[in-house]
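A structural walkthrough
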Amino acid sequence: PPAGSLSRSRSASRGSARAAASSAQDALEREREAYERKAQEQRAKKTQQKESSDTLRSDKDSAEREVLTLSARLDEARKQSENAQRELAMFKQSHEKDGQRVDNEVAERQEA
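Just so you know, these numbers come straight off a predicted model, no measurement behind them.

1. Things to note about the overall build of the protein
The secondary structure content of the protein amounts to 1 helix and 0 strands. Of the roughly 10,400 Å² of accessible surface on the protein, 51% is carried by carbon and sulfur atoms.

Right, here's the structure in full:
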């Protein structure tokens, strides 16, 4: 083959190899970008899940504190109710004794 023909063939071969390498490099770059996007999406999703979990944990803690507060208030209300019932029973008993005493005094006066 003529010398010029071999040179053109090598040049074309090198051009074809460069184009193939460039195409492969472009494909790798697109793949890397897609991987980075996916990794960023995964990080964002994980962050959102952690924030959601933290919020739920905080809400649960608040609810538990509120239950304890309400339970303590209920206990206090029960104690006050029991005290009021005792006071009422003592008042009724005292009132009944006073009533009996008055009835006895009236009866004694009527007998006299």
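2. Examining the pattern of salt bridges
One pass over the full model with this rule turns up 8 salt bridges. For Lys50, the salt bridge goes to Asp54, with nearest N and O atoms at 3.0 Å. Of this pair, Lys50 and Asp54 both sit in helix α1 (residues 3–111), separated by 4 residues, roughly a single helical turn. Residue Asp54 is classed as partly exposed on the basis of its relative accessible area of 31%. A salt bridge links Arg57 to Asp54, with the nearest nitrogen and oxygen atoms 3.1 Å apart. With a gap of 3 residues between them, Arg57 and Asp54 both fall in helix α1, about one helical turn apart. Classification of Arg57 by relative accessible area gives partly exposed; the value is 46%. Through salt bridges that share partners, Glu29, Arg32 and Glu36 make up one connected network.

What counts and how
- Residues numbered from 1 in each chain as written.
- Predicted model: local features only at pLDDT ≥ 70, side-chain atom pairs only at ≥ 80, totals over all residues.
- Heavy atoms only, no water.
- Helix = DSSP H or I, 4+ residues; strand = E, 2+ residues; numbered from the N terminus.
- Areas by Shrake-Rupley, 256 points an atom, 1.4 Å probe, with all protein chains shown as cover.
- Salt bridge = Lys/Arg side-chain N within 4 Å of Asp/Glu carboxyl O.
- Buried < 20%, exposed > 50% of the residue type's maximum accessible area, 1.4 Å probe, protein only.

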